Amino acid sequence: MSVGKNEPRRDGPAKLTGRALYLDDVPIPGCWHGVTVRSSVPHGKIKSIRYDPGFAWDECVVVTAKDIPGKNVVALIESDQPLLADGIVRHREEAIVLIAHADRATAYEAAKRVTIEYEPLPPVFDMEKSDKTFKSFLIERGDLDAGFSAADVVVEGEYRTPSQEQAYIENNAIAAYEENGILIITGSLQCPYYVLKAMKQIFNRDESKIRVIQTVTGGGFGGKEEYPSMIAGHAALLALKAGRPVKIVYDRHEDMAATTKRHPAIVRHRTGLTKDGTLVAQDIEVVMDGGAYATLSAVVLSRGTLHAAGAYECQNVRVRSKVVMTHTPPNGAFRGFGAPQTLFAVELHWEKIADQLKIDSLTLRRRNIFKLGSTTATGQRLLESVGAEECLQRTVKKSQYVSKRKAYDRWNKNPRNPTWKGIGLSVCHHGAGFTGSGEVYLASRAGIALTRSGELIVLAASTEIGQGTNTMFAQVAADALGAPVSWFSVETPDTHKVPDSGPTVASRTCMVVGGLVSRATQELKRAFEAEYGRVPQTPADLKKAAAALCAGAPARRFEVSYEKPPEVAWDDATYRGDAYGVYSYAAIVVDLEIDKLTYEVRVRKVTTAQDIGKAINPLLAKGQIIGGSTQGLGWALLEEPIFKDGVMVNSQLTNYVIPTSLDTPPFDVILVEKPYSRGPFGAKGVGELPMDIPGPAVAAAIKHATGRLIATLPQTPERIASSLT
Ligand code: MOS
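Draft legend 1. Examining the packing of aromatic side chains more closely. Under the defined criterion, the tally for this structure stands at nine aromatic pairs. For the ring pair Tyr-51 and Trp-57, a centre distance of 5.3 Å and an interplane angle of 85° mean the geometry is edge-to-face. Taken together through their ring pairs, the aromatic side chains of Tyr-51, Phe-55 and Trp-57 make up a single cluster. The ring centre of Tyr-168 lies 4.4 Å from the NZ or CZ of Lys-224, which sits over that ring. The ring of Phe-148 carries Arg-270 above its face, with NZ or CZ at 3.9 Å from the centroid.

Draft legend 2. Seen up close, the side chain of Ser-302. Looking at where Ser-302 falls in the secondary structure, it is placed in helix 7 (residues 297-306). Separated by 2.8 Å, the side chains of Ser-302 and Tyr-575 make a polar contact. If sequence neighbours within four positions are ignored, Ser-302 has contacts with Phe-137, Thr-435 and Tyr-575.

Draft legend 3. Expanded view of the sheet that holds strand 3 (residues 61-63). As summarised here, the arrangement of the seven strands in space is 3-5-1-12-9-10-11, forming an open sheet in which the pairing is mixed. At either end of the open sheet lies a strand with only one pairing partner, and these are strand 3 and strand 11 (210-214). Here the strands of the sheet are splayed against their neighbours by 20° on average, with no regard to which way each runs. Pairing geometry for strand 10 (residues 182-187) and strand 11, over five bridges, is parallel. From the neighbouring strand, Thr-186 faces strand 11, where its bridge partner is Ile-213. Against the sheet, helix 4 (residues 192-203) contacts strand 10 and strand 11, and its axis sits at roughly 150° relative to strand 11.

Draft legend 4. A look at the nonpolar core. In this structure, Leu-273, Val-286, Tyr-585, Val-590, Val-698 and Ile-702 are the most contacted members of the largest nonpolar core, which totals 101 residues. When residues in this core are grouped by element, the largest group, 10 residues, is from helix 8 (residues 339-357). If near-sequence neighbours (up to four positions away) are discounted, Ile-702 is found in contact with Leu-592, Ile-594, Val-601, Leu-637, Gly-707, Arg-708, Ile-710, Gln-715 and Ile-720. Judged by nonpolar contacts, the second largest core, of 42 residues, contains Val-74, Tyr-193, Leu-238 and Val-498.

Draft legend 5. Local environment of the side chain of Arg-252. Looking at the element boundaries, Arg-252 is found in helix 6 (residues 252-258). Among buried charged residues, Arg-252 stands out as having no salt bridge; its nearest opposite-charge side chain is Glu-165, 5.0 Å away. A distance of 2.8 Å separates the side chain of Arg-252 from the backbone oxygen of Ile-169, its partner in a polar contact. Setting aside residues no more than four positions away along its own chain, Arg-252 makes contact with Ala-167, Tyr-168, Ile-169, Glu-170, Asn-171, Ser-651 and Leu-653.

Reading the values: the criteria
- Residues numbered from 1 in each chain as written.
- Predicted model: local features only at pLDDT ≥ 70, side-chain atom pairs only at ≥ 80, totals over all residues.
- Heavy atoms only, no water.
- Phe/Tyr/Trp six-rings, centres within 6.5 Å; stacked < 30°, edge-to-face > 60°.
- Lys NZ or Arg CZ within 6 Å of the ring centre and 35° of its normal.
- Helix = DSSP H or I, 4+ residues; strand = E, 2+ residues; numbered from the N terminus.
- Polar contact = N/O pair within 3.5 Å; in protein donor to acceptor, adjacent residues only side chain to side chain.
- Contact = heavy atoms within 4.5 Å.
- Pairing = 2+ DSSP bridges.
- Axes fitted to C-alpha atoms, helices over the stretch in contact; angles between N-to-C directions.
- Core = buried A, V, L, I, M, F, W, Y, C linked by side-chain atoms within 4.5 Å.
- Buried < 20%, exposed > 50% of the residue type's maximum accessible area, 1.4 Å probe, protein only.
- Lys, Arg positive; Asp, Glu negative; His and termini not counted.
- Salt bridge = Lys/Arg side-chain N within 4 Å of Asp/Glu carboxyl O.

If you want it as structure tokens, here you go:
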């Protein structure tokens, strides 16, 4: 058995030793460098584009919207975003002109020789003043008025969360060229088939004439979910016009200023409870800032809305949500996908409720938390794999939350101590896979190939972006066949080689695509048994079996498609039913201290229990949990995108500070494994869950330390100082 073992990660050695070739390292003969001329106003009409006559333009290739052969659109949900601005710009850093040159520095120089004149139009930067809503949702359960009439107390709160930069190590980078009439796109990306779909519309080409290949990718975190379609379109326009390969590699400033980030959000709660702390009414309002184009905002809002009431049962719930347009670069996918924003609010709100009811927030959570058989706000009954309570219990016990709360209260009373100490708690659920009918619509496919020479190759479009996909797929396939993991390799995500297994997003790769890989491998197993008499036992046996099964063909493929579990029912029109096939669960305790002189926060310890169904590779799962939690701590304490006139002004890693290994506290990670019957070997999702709740746990710990509830992030020394004066 391989599942459950810490198989060494397959991409590790090449990345550690520097042998792995990222896009900018890949030798592409004759490749030119593409650069982008961007808007310098947040909203305006383009009046003219002038090219400095003193520059050698004949050495360059220049592209504008007029050069687009098909539709000027980055195809996604709404298709409202142009590939290149034509006439109007709706945000700063919007792409208008593209230039390619053989020499990178000369290409940048050329970009400086382009002057664009605008007629400015009024911008909107405040999401509460926007008059354009991209999407809204309504969830209703029970009778809200009756719930509030039955309440002994009503507690209101408003919570705000900021944007966040994905800050992957490798910036966005894509190359394009044409070979034998096929447009080849290669680079750093999460979702090869999303890029393929976008290219079809831009170039009016048949799918067979487009090929998208992922290169080694230095992180994504959602930031390479939709944006690579834009750069791919840009690189391809330049390449086709130049008749040679062109690559576009963003520098850090450009990547941070121009590309998608987490949606800022405002969440308001009005909560009714009986005096023993039982929830009887939750009225929740969510506003998210979508930026200038719709991109993925509707689905980010959907996930945020579906998680807004938290992992608690309440008979009477209303969630009203909307995502609106402002004149900033579009916001997009970021690990958690809307859930960290709404979970921050519902989780921190418990501290406010605790003060008002004079019942501690742990007791309140225990009273209301999801259990087996609970019903969610959309009316979904949780019939299996509900680890919320166990995560809570084990985190509280392991962290000594209760005794430390008392000990820190005593510590904080002594004015001679140099610090305040605090300990805070949060709990959440996180839906695995696409929402509702999303997985049905995706109709993902994955498979396994057996070559005549006896190679076993997993076929999936899911990308390795640092999370361990390739190792996990090999382990799942090995155990599905009952063969050593070393027999299996994983094909590079290349749209000419692998089926469309959907995007690498939404904590779906292990549970949904891993499930497909497992089913496909079981088909292979049945074929071995039927046509060879047994599953091969040795490498020599495998070679013989392969020759028998392939019968002269170079390879045989076993592919399966997603099948909706029959018990899952969702209605998109009413937003009722089974929003997700299953949920993962997590609880976290953050233990910290604050310097009384500088207000600096030092996180002393993080304890977290996460129910992910089954850890296919426990070490990789813990890596996801520690990494995701640290990203959450960054959002909570350090990361502050500062916008001025609709553009991020601290768009450098010197002034946008993310946690490094030195900021990573000691972690106690507890894996809780409540198996899900539809997941491979019981597995659910782990990718986004750890990002969800470090924020509210930090805010609760700071409240415990200082007595002040700060309802926004990041909780910087400045913000803590001003809360105390
Ligand atoms: Mo993800 S944030 O669903 O790419």
